[in-house]
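# Understanding the architecture of this molecule
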Amino acid sequence: MPEPMLTVDDIKEICDVPRRTVTKWFDADRLKGERDLNTFEWQTTRAKLVLFLEEYNFVDILENME
């Protein structure tokens, strides 16, 4: 079964940042993901979000996720 996808709104809530910040992360290819074919919104998996948070040293967010 595929891993559930996190939307921009999910990620902004997890990271407590503005929606535009999350979109910029995707646009800059810092946060890996794909566009939803129906809404064209960015989305990613939890695993890719964790990799991003580790790479950019968002330790406090990682601790709150687990």
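What comes next is a walk through the structure. (Residues numbered from 1 in each chain as written. Predicted model: local features only at pLDDT ≥ 70, side-chain atom pairs only at ≥ 80, totals over all residues. Heavy atoms only, no water.)

This paragraph deals with the overall build of the protein chain. Along its length, the protein chain carries four helices and three strands. Of the regular secondary structure in the protein chain, the N- to C-terminal order runs β-α-α-β-β-α-α. Expected size for 66 residues packed as a compact globule is a radius of gyration near 11 Å; at 11 Å, the protein chain falls within 12% of this value. Principal axes of the C-alpha set define a box for the protein chain whose edges measure 35 × 30 × 20 Å. Within the span of the protein chain, comprising 66 residues, buried residues form 30% of the whole. (Helix = DSSP H or I, 4+ residues; strand = E, 2+ residues; numbered from the N terminus. Rg over C-alpha atoms; globule rule 2.2 N^0.38 Å. Buried < 20%, exposed > 50% of the residue type's maximum accessible area, 1.4 Å probe, protein only.)

Spatial strand order, β1-β3-β2: three strands in an open sheet with antiparallel pairing. Edge positions in the sheet fall to β1 (5-7) and β2 (34-35), since each has one partner strand and no second. Bridge count between β2 and strand β3 (residues 42-45): two bridges; the pairing is antiparallel. When the bridges of β3 are listed, R35 appears paired with W42. The strands that helix α2 (residues 19-27) touches are β2 and β3; relative to β3, the one it contacts most, it runs at about 75°. (Pairing = 2+ DSSP bridges. Contact = heavy atoms within 4.5 Å. Axes fitted to C-alpha atoms, helices over the stretch in contact; angles between N-to-C directions.)

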